[in-house]
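Spelled out, the chains give:
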Amino acid sequence: MQFGIFSVGDVTTDPTDGRTPSEAERISAMTQYALKAEEVGLDVFATGEHHNPPFVVSSPTTHLGFIAAQTEKLLLSTSTTLITTNDPVKIAEDYAFLQHLSGGRVDLMMGRGNTGPVYPWFGKDIRDGIKLAVENYHLLRKLWREPVVNWQGQFRTPLQGYTSTPAPLDGTPPFVWHGSIRSTEIAEQAAYYGDGFFHNHIFWSKEHTEQMVTLYRRRFEHYGHGAADQAYVGLGGQAFMASTEAEAKRVFRPYFDNAPVYGHGPSLEDFSEMTPLTVGTPEQVIERTLGFADYVGDYQRQLFLMDHAGLPTSLVLEQIEMLGTEVVPVLRTEFERRRPAHVPSDPPTHASLVAAGPDAPHHLVEPARARAEELAAQAEKDSQVTA
């Protein structure tokens, strides 16, 4: 199972001393977090993508390329890549290039983005968000899988005889997750292509998360990619730790109470009860996280949000240290102990996708359609035999 951290790259004032980091300091801090993640044995670092204040994460591949040059094992990902406002042609180029730079240590998570004013900055309309996500991702798959692309759609100019460069490393496109909090259409999209589904899981109840993951699993099986419990699921989570629960709450409370997203709303205790936020000891984080599988089933990736709400760099580094040395080793053992043999421990990686060979479903633009056509042809053949 893969464990890691993700960041949304917010620039937030520290409520305990009134200091706001500069954008340069925030970018530097995120880089330190990625390097620390590898140092303590985590598997994944994922960066968000935003194009509006107070965020600094406007160029994920630039940042991930910089991190790739300073790491050896860390898998580089996104949380999320905006499939709606980005041109899929540029996504195809940028992430294939990052594949080459990192030696294949890259996958990415597609997301719609929920900041309405950003859409028109890129010539789009948020009311078209779902349709953009569907059309743009289908084109991206073609760009990564067909040497010459002829294409026409609704939202960008047609392509005639176009070849995306560089081609994916080893002729193998990156594995893709589809990230969504509430859009059932995105869960359906992930299932149709046999991709992973990542539920943010940090603001919603476990009942909501269970419904979304169950839908994805059921449709993954419907499209012929495997049994529902073999589908690739990832979850987000939030945690803050100290040697005692009281100390963790004492330190974290001012950050929670003033956070731009959930500050000035439910209390820390109420929010922790309603959502997966865990503020307490490493043992409490372990217990809470193991409980996620009780309602989503055995899953393959767990990412934690650790650097938000104005937390200072030194404190975040301490949190990552505890996560990697005290929490994740126990989670690895316990999650694998309960996992059935037929359920994959890890999502696909570049190495596993290359090993599967060029005829694997991953290399098809529409594996679900290919499977349906295969079944239809077999049914026709069977009917002729029995006629």
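A quick note: this is a predicted structure, and the numbers were derived from the prediction, not measured.

Colleague: Please clarify how the nonpolar core should be interpreted in this entry.
Modeller: One broad rule of soluble globular proteins: the nonpolar side chains tend to lie buried together. In terms of nonpolar packing, the biggest core is built from 104 residues, with Ile-5, Tyr-216, Phe-252, Tyr-299 and Leu-323 touching the most fellow members. Once residues lying within four places of it in the same chain are set aside, the contact partners of Leu-323 are Gly-4, Ile-5, Leu-42, Met-241, Phe-304, Met-306, Val-328 and Pro-329.

Colleague: What exactly am I supposed to notice about the packing of helix H6 (residues 184-193) against helix H7 (residues 206-222) here?
Modeller: A pair of packed helices is captured by two measures, namely the crossing angle of their axes and the spacing between those axes. Interaxial distance between H6 and H7 falls to 8 Å at its minimum, and their mutual angle equals 35 degrees. With respect to the hand of their crossing, H6 and H7 are arranged in right-handed fashion. On H7, the residues that touch Thr-184, Ala-187, Glu-188, Ala-190 and Ala-191 of H6 are Met-212, Leu-215, Tyr-216, Arg-219 and Phe-220.

Colleague: Sorry, what's going on with the UniProt feature "domain: Luciferase-like" (unreviewed entry) in the chain here?
Modeller: UniProt's entry tags residues 1-294 with the feature "domain: Luciferase-like" (unreviewed entry), counted in the numbering of this structure. The span residues 1-294 shows a helical share of 41% and a strand share of 15%, and its end C-alpha atoms are spaced 16 Å apart.

Colleague: It is not clear to me how the sheet that holds strand E3 (residues 75-78) should be interpreted in this structure. Could you clarify?
Modeller: Spatial ordering of the open sheet is given by E3-E2-E1-E13-E10-E9-E8-E5-E4, a layout of nine strands whose pairing is parallel. Strands at the two margins of the open sheet, each flanked by one partner only, are E3 and strand E4 (81-82). The sheet contact formed by strand E9 (residues 196-199) and strand E10 (residues 233-235) spans three bridges and is parallel. Following the sheet pairing, Phe-197 is matched in E10 by Val-233. With respect to the sheet, H6 is in contact with strand E8 (176-180) and E9, its orientation differing from that of E8 by roughly 165 degrees.

Colleague: What should I look at first to understand the pattern of salt bridges in this one?
Modeller: Think of it this way: side chains of opposite charge can pair up when their charged atoms draw near. In this structure the tally under the stated criterion is 24 salt bridges. Residue Asp-307 pairs with Arg-26 through a salt bridge whose shortest N-O separation is 3.0 Å. Of this pair, Asp-307 sits in the loop between strand E13 (301-305) and helix H12 (313-338) while Arg-26 sits in helix H1 (residues 23-39); the two residues are 281 residues apart in sequence, bridging distant segments of the chain. By the burial criterion, Asp-307 is buried, and Arg-26 matches it. The salt bridge involving Arg-338 is made with Asp-298; its shortest N-O contact spans 3.6 Å. Of the two residues, Arg-338 is situated in helix H12 and Asp-298 in the loop between helix H11 (292-296) and E13; the sequence distance between them amounts to 40 residues. Accessibility expressed as a relative area gives 16% for Asp-298, which makes it buried. One salt-bridge network, in which partners are shared between bridges, spans Glu-245, Lys-249, Arg-253 and Glu-269.

Colleague: What is the right way to look at a nonpolar patch on the surface in this model?
Modeller: On the surface, Phe-203, Trp-204 and Val-261 cluster together into a nonpolar patch covering about 270 Å² of accessible area. Mapped onto the secondary structure, Phe-203 falls in the loop between E9 and H7.

Colleague: How should helix H3 (residues 88-102) be read in this particular structure?
Modeller: Side chains of residues three or four places apart in an α-helix project in the same direction, reflecting 3.6 residues per turn. End to end, H3 covers 21 Å across 15 residues, agreeing with the expected 21 Å (1.5 Å per residue, within 8%). Every buried residue belonging to H3 is among Pro-88, Val-89, Ile-91, Ala-92, Tyr-95, Ala-96, Leu-98, Gln-99 and Ser-102, and all of these are buried. Between a side-chain oxygen at the N-terminus of H3 and the backbone nitrogen of Val-89 the separation is 3.0 Å; the capping residue is Asp-87. In the stretch just after H3, Gly-103 is the one whose phi turns positive, near 70 degrees.

Colleague: Quick question: what am I supposed to make of empty space enclosed by the protein here?
Modeller: The final tally for this structure, using the stated rule, is one cavity of 30 Å³ or more. Roughly 60 Å³ of volume is contained in the largest cavity. Lining the largest cavity, in full, are Leu-75, Gln-99, Gly-104, Val-106, Asp-107, Pro-173, Pro-174, Phe-175, Pro-348, Thr-349, His-350 and Leu-353. Of the residues contributing to the lining of the largest cavity, the split by class is seven nonpolar, four polar and one charged.

Colleague: Please clarify how the layout of surface pockets should be interpreted in this entry.
Modeller: It is the rolling of a water-molecule-sized probe over the atoms that shows where space remains empty. The space that makes up the largest pocket amounts to roughly 1000 Å³. Around the largest pocket sit 48 residues that line it, and Val-8, His-50, Asn-114, Ile-181 and Asn-200 are the ones nearest its centre. Of all elements in the fold, only strand E5 (108-111), helix H4 (118-121), helix H5 (129-145), E8 and H6 reach the threshold of two or more residues within the lining of the largest pocket. Residue composition of the lining of the largest pocket, by class: 24 nonpolar, 20 polar and four charged. Of the voids in this model, the second largest pocket is the one considered here, and its volume is about 470 Å³. Gly-194, His-225, Tyr-232, Pro-361 and His-362 are, among the 27 residues lining the second largest pocket, the residues nearest its centre. If you list the elements that add at least two residues to the lining of the second largest pocket, you get H5, helix H13 (350-356) and helix H14 (367-386). At four residues, H14 tops the list of elements feeding residues into the lining of the second largest pocket. Its residues assigned to classes, the lining of the second largest pocket comprises 14 nonpolar, eight polar and five charged.

Colleague: Sorry, what's going on with the environment of Thr-163 here?
Modeller: Here Thr-163 shows up in the loop between strand E7 (159-162) and E8. A sequence separation of 20 residues divides Thr-163 from Leu-143, and the C-alpha atoms of the two residues are 7.3 Å apart. Leave out the neighbours within four places in its chain, and Thr-163 touches Pro-147 and Val-148. A distance of 2.8 Å separates a polar side-chain atom of Thr-163 from the backbone oxygen of Pro-147.

Conventions used here
Residues numbered from 1 in each chain as written. Predicted model: local features only at pLDDT ≥ 70, side-chain atom pairs only at ≥ 80, totals over all residues. Heavy atoms only, no water. Core = buried A, V, L, I, M, F, W, Y, C linked by side-chain atoms within 4.5 Å. Buried < 20%, exposed > 50% of the residue type's maximum accessible area, 1.4 Å probe, protein only. Contact = heavy atoms within 4.5 Å. Axes fitted to C-alpha atoms, helices over the stretch in contact; angles between N-to-C directions. Helix = DSSP H or I, 4+ residues; strand = E, 2+ residues; numbered from the N terminus. Left-handed = near helix turned anticlockwise from the far one by under 90°. UniProt positions renumbered as here; feature names shortened; annotations may be inferred. Pairing = 2+ DSSP bridges. Salt bridge = Lys/Arg side-chain N within 4 Å of Asp/Glu carboxyl O. Patch = residues over 30% accessible without salt bridge, like charges linked within 9 Å, V, L, I, M, F, W, Y side chains within 5 Å. Areas by Shrake-Rupley, 256 points an atom, 1.4 Å probe, with all protein chains shown as cover. Expected span 1.5 Å × (residues − 1). Polar contact = N/O pair within 3.5 Å; in protein donor to acceptor, adjacent residues only side chain to side chain. 1 Å grid on protein atoms, 1.4 Å probe; cavity = no way out; pocket = protein on both sides within 12 Å on 5 of 7 lines; lining within 4 Å. Points joined across faces, edges and corners; volume = space filled by probe spheres on them. Nonpolar A, V, L, I, M, F, W, Y, C, P; charged D, E, K, R; others polar.

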